[in-house]
Amino acid sequence: MGRRSSKEQLLDAAERVIKRQGMASTTIEAVAAEAGLSKGGLFYHFSSKKDMLMQLIERYERQFKALRQKIHDSLPEGPHRMLKATILASTKHAERASANISNIITLLDDVELREVVRKMKIRLFTEITQGYPHPQKVALALLAADGLWVMDLFAGEVIPEGLENQIVEELLALIDIHVEPKVEGTPCAHDEVVMR
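Cut-offs applied
Residues numbered from 1 in each chain as written. Predicted model: local features only at pLDDT ≥ 70, side-chain atom pairs only at ≥ 80, totals over all residues. Heavy atoms only, no water. Helix = DSSP H or I, 4+ residues; strand = E, 2+ residues; numbered from the N terminus. Buried < 20%, exposed > 50% of the residue type's maximum accessible area, 1.4 Å probe, protein only. Contact = heavy atoms within 4.5 Å. Areas by Shrake-Rupley, 256 points an atom, 1.4 Å probe, with all protein chains shown as cover. Arc of directions from axis to C-beta. Phe/Tyr/Trp six-rings, centres within 6.5 Å; stacked < 30°, edge-to-face > 60°. Axes fitted to C-alpha atoms, helices over the stretch in contact; angles between N-to-C directions. Parallel < 35°, antiparallel > 145°, perpendicular 65-115°, else oblique. Left-handed = near helix turned anticlockwise from the far one by under 90°. Salt bridge = Lys/Arg side-chain N within 4 Å of Asp/Glu carboxyl O. Core = buried A, V, L, I, M, F, W, Y, C linked by side-chain atoms within 4.5 Å.

**Details of the overall build of the chain**
- When its secondary structure is counted, the chain shows nine helices and zero strands.
- Along the chain direction, N to C, the helices and strands of the chain fall in the order α-α-α-α-α-α-α-α-α.
- Buried positions account for 41% of the 196 residues belonging to the chain.
- Look at the contacts in the chain between residues 6 or more apart in sequence, and 67% of them connect residues 24 or more apart.
- Accessible surface computed for the chain: about 10600 Å², of which carbon and sulfur atoms make up 58%.

**Quick look at helix α2 (residues 28-35)**
- When we look at burial in α2, the residues that qualify are I28, V31, A32 and A35. Viewed along the axis of α2, the buried residues span an arc of 100°, placing them on a single side of the element.
- On its buried side, α2 packs onto α1 (6-21), α3 (39-45) and α4 (49-74).
- Among the residues trailing α2, G36 stands out with phi positive, at a value near 75°.

**Digging into the packing of aromatic side chains**
- If you walk through the whole model with that rule in mind, you get one aromatic pair.
- Aromatic pair Y60 and F64: ring centres 5.9 Å apart, planes at 45°, arrangement tilted. You can see Y60 and its partner F64 sitting in helix α4, four residues apart, about one turn around the helix. For the pair shown, Y60 and F64 are each scored as buried.

**Examining the packing of helix α5 (residues 81-91) against helix α9 (residues 161-178)**
- Two elements in contact, α5 and α9, have axes separated by 11 Å at closest approach and are oriented at 165°. One finds that α5 runs roughly antiparallel with respect to α9. Once α5 is placed against α9, the crossing between them reads as right-handed. Facing α5, whose interface residues are L83, K84, I87, L88 and T91, α9 presents E164, V168, L171, L172, I175 and D176.

**Some remarks on the pattern of salt bridges**
- Scanning all chains against the criterion turns up 16 salt bridges.
- One salt bridge in this structure joins D12 and R59, with 2.8 Å as the shortest N-O distance. Remark: R59 occurs in helix α4 and D12 occurs in helix α1; sequence separation between them is 47 residues. This pair shows no difference in class: D12 is buried, exactly as R59 is.
- A salt bridge links E180 to K137; the nearest nitrogen and oxygen atoms lie 3.2 Å apart. Of the two residues, E180 sits in the segment after α9 while K137 sits in helix α8 (residues 135-155), which places them 43 residues apart along the sequence.
- Assessed through its relative accessible area of 28%, E180 is described here as partly exposed.
- Connected through salt bridges with shared partners, the residues E61, K65, R68, R123 and E127 form a single ionic network.

**Thoughts on the nonpolar core**
- Membership of the largest hydrophobic core comes to 44 residues, with the highest contact counts inside it found for V31, L42, M52, L83, I87 and I175.
- Secondary structure elements with two or more residues in this core: α1, α2, α4, α5, α7 (111-129), α8 and α9.
- Ranked by the residues each element gives to this core, the list is headed by α4, at nine residues.

So, in structure tokens, the structure goes:
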């Protein structure tokens with residue numbers, strides 16, 4: 001595996017600083033120091049703190065989709081393969097850092113950053129619910145998975161890992177029982193509100 005680019009190192013550093021100091025206390029100087037680069041080196045890649053945060057959100061979406069695809073490819077064929085991959089990707093302990101950063105950003109007063117996160121979540125939600133005859137059942141499964149890591153975000157690991165694994169397995173089993181397979185070509189009930 002090749003060496004990570006300076007930009008990726010800066011984004012990694014930004015995540016570490018945000019986790020350690022909180023969003024409000026994170027400064028460009030702190031991120032540059034954490035990455036071992038000059039402030040000027042940081043401004044070579046990002047025009048502002050907001051630009052850096054937007055790029056963190058974009059990176060999270062890329063990382064999440066890559067993880068979801070990797071899990072999808074490892075699952076057996078079945079009607080709910082991508083939905084299950086999404087649930088599993090959402091609940092992976094090791095992959096939560098970036099997801100938590102994107103959720104922390106939503107707590108900011110910055111309307112523009114919150115809107116970027118909102119649109120990202122709408123894209124991910126629409127991708128997975130598209131074609132299901134009853135998207136509310138799919139939404140229920142996605143909300144349950146999101147709830148597991150949101151609980152971790154706000155309260156640390158409240159649910160022991162063994163119990164969380166059992167909850168995820170139960171959720172995957174419920175999908176097989178209660179969610180009807182996708183029907184290709186079926187319009188999505190929420191298509192018209194996706195980018196509003």
